[in-house]
Structures are given as C-alpha cells and as structure tokens.
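# Examination of the molecular architecture
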Amino acid sequence: MMLPPLVARVRVVTPRHAFGAWLPLFLLWILLLPLALLLLVALAVTALVAPRWRCGALLAGTYAALCEARGTRVDVEGGDGSRVFVALH
Amino acid sequence: MSAERLRILNLVAEGKISAAEAATLLDALGADRAAPGAAAPGAAAPGSAGPRYLRVTVEDPQGEHGAKVNVRVPMNLIRAGVRLAAILPPGVHDQINKALKQNGVDLDVSKIRPEDLEEIVAHLGELTVDVDGNRGERVRVFCE
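Let's shift gears to the environment of Lys-68 of chain B. Positionally, Lys-68 of chain B belongs in strand β2 (residues 68-74). Judged by the 18 C-beta atoms lying within 10 Å of it, Lys-68 of chain B falls in the partly exposed class. Considering only alpha carbons, one finds Lys-68 of chain B and Val-139 of chain B, 71 residues apart in sequence, at a separation of 9.9 Å. Not counting chain neighbours up to four residues away, the residues in contact with Lys-68 of chain B comprise Glu-77 of chain A together with Glu-59 of chain B.

Structure (structure tokens):
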C-alpha cells in the first residue's frame, strides 16, 4: 500500500542553538482527512462539469507524487556552522 | 570476464584472428547475452533496476557564506511528477510551457507520454553533471 510520508526529520543548527525533531506527519494526514473528503466531493462535481480535466487521474497522480516524496532529503550547511536538514520518511 | 571473451582475446594476442574479427565475435557474444530469455541469473526486471535517487550537491567553500547544499530526490518522485505532467489538461500544458520558456527551459510537456517515462528516467540514470567554478565552487548532479 502506498502511503504518504509518515514522519519528517528536521534539524536546525545555528552557531548558538540546535534544534532537532521528528514530526509525526501521519497526525497531519489524519487531521486533513475531513478536508480530503470535501476535496473528493468537489472533484467529483468538477469531473461531471468538466470531464476533460481528468480529475480522478489528477488526484491519483498527486497522491502518488506525495507518496513518492518519501526518501527526500535536503541538507543545507552554512560556513558559519549553521545547518538545516529535512528528511521525509 | 567470461571464458569465451578471454578465448577471443587470446586468439587476437596469438595473431590467429584480426582485431576486426574479434570485435565481430565479441559483438555476437554480446547479442547472444542480450537476447530474450538469455538474461543473467538474478538480473533485475526492467524498471526495477537502476538508480533510486537523484542527488544534487553544491559546494562553495570560498563563497560569501561557504555554503554546502546536499539534496536527494527519489527517482520515483520524478517519475510521479512526469506522469502527473502527462495527464494535465492541454490548457495547463500551455501555461507550463510558457513558464518554463520564461525560465530558459524550452520544453513541451504535452509531448511527454506515459510510455516514454521509463526511457526518460532510464536516461536520467546515466546523467552526471560536474561543474567546477574558478572560485572553488562545485556543483554535482548524479544518480545513485
């Protein structure tokens, strides 16, 4: 089963402070579920009004892109010791 | 190296066959191996092999901030993105093409077909860009 990123690892380091966290994205998806249901209804109406927009395929493609974002890593290091690291799991 | 290849090279070394003849034999040997059903044991299925990530690294040790950037993007995300571009309606294609052109990319996204995706991603796997600047900055784009 394809799942969107469930956890994001974030680390921010400045010369004075360091902050790191595992963000539970799955909670965000649960919170967004009612919005997603509303979006589904809106897309169903759009599909009836404008079939050329291929709403079903667009929704599936967007969801697939979101799911495949797992494994993305961005690491930016400054010369002054500052660093920002984000990874999606 | 296989025994057949070694034997052909030995024949060249001994002067029994010419280099051109050896090349023909080696080509034939390669074609036999590439033939359907003759895949090496354990060979990965098409589409499952190849690089998993596109990496972009930027190093600028003598720059204003001496920054280092290291980005890893899953190849499947690129696949999904191109697939998404392929199903966008024609009106949106025009807008994307226009925006890309404004940013110096002359690409018609409407011509990207889902069946071409694997080929695009496969060729992306061979991509390696290595740029060294005169101030010591370095940009590398590669797949792993």
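This part takes up the interface of chain A and chain B. Each partner contributes residues to the interface: chain A has 21 residues there, and chain B has 19 residues. Secondary-structure elements contributing two or more residues to the side of chain A that touches chain B are α2 (55-68) and β3 (73-77) of chain A. Looking at the side of chain A that touches chain B element by element, the count peaks at seven residues for α2 of chain A. Broken down by class, the residue content of the side of chain A that touches chain B amounts to eight nonpolar, six polar and seven charged. Here β3 of chain A runs beside β2 of chain B; their pairing, made up of five bridges, is antiparallel. Across the sheet, the residue bridging to Arg-73 of chain A is Arg-72 of chain B, located in β2 of chain B.

Moving on, we get to the packing of α2 of chain A against helix α3 (residues 75-86) of chain B. At a minimum axis distance of 8 Å, the contact between α2 of chain A and α3 of chain B shows a crossing angle of 165°. Here α2 of chain A lies roughly antiparallel to α3 of chain B, going by the angle between them. Every pair of crossing elements has a handedness; the one defined by α2 of chain A and α3 of chain B is left-handed. When α2 of chain A is examined against α3 of chain B, the residues Gly-61, Thr-62, Ala-64, Ala-65 and Glu-68 of chain A are found in contact with a partner set consisting of Asn-76, Leu-77, Ala-80, Gly-81, Arg-83 and Leu-84 of chain B. Looking at side-chain class alone, the contact of α2 of chain A with α3 of chain B contains five nonpolar, four polar and two charged residues.

In this model, α3 of chain B (twelve residues) spans 17 Å end to end at C-alpha, consistent with the 16 Å of a helix rising 1.5 Å per residue. Those residues of α3 of chain B not exposed but buried are Met-75, Leu-77, Arg-79, Ala-80 and Val-82 of chain B.

We now examine the sheet that holds strand β1 (residues 53-59) of chain B. The strand order across the open sheet built from eight strands is β2(A)-β1(A)-β4(A)-β3(A)-β2(B)-β1(B)-β4(B)-β3(B), with neighbouring strands paired in antiparallel fashion. Both edges of this open sheet fall to β2 (18-24) of chain A together with β3 (128-132) of chain B, since each of them pairs with a single strand only. Sheet twist, expressed as the average angle between the axes of neighbouring strands with direction ignored, equals 5°. Of the pairings in the sheet, the one linking strand β1 (residues 7-13) of chain A to β2 of chain A comprises seven bridges and is antiparallel in character. Note on β2 of chain A: the bridge partner recorded for Arg-9 of chain A is Trp-22 of chain A. The sheet strands contacting α3 of chain B are β1 and β2 of chain B, and the helix crosses β2 of chain B at an angle near 65°.

Each value, and the rule that gives it
- Residues numbered from 1 in each chain as written.
- Chains lettered and ligands numbered in written order.
- Predicted model: local features only at pLDDT ≥ 70, side-chain atom pairs only at ≥ 80, totals over all residues.
- Helix = DSSP H or I, 4+ residues; strand = E, 2+ residues; numbered from the N terminus.
- Buried ≥ 20, exposed ≤ 12 C-beta atoms within 10 Å, placed from the backbone.
- Contact = placed C-beta atoms within 7 Å.
- Nonpolar A, V, L, I, M, F, W, Y, C, P; charged D, E, K, R; others polar.
- Pairing = 2+ DSSP bridges.
- Axes fitted to C-alpha atoms, helices over the stretch in contact; angles between N-to-C directions.
- Parallel < 35°, antiparallel > 145°, perpendicular 65-115°, else oblique.
- Left-handed = near helix turned anticlockwise from the far one by under 90°.
- Expected span 1.5 Å × (residues − 1).

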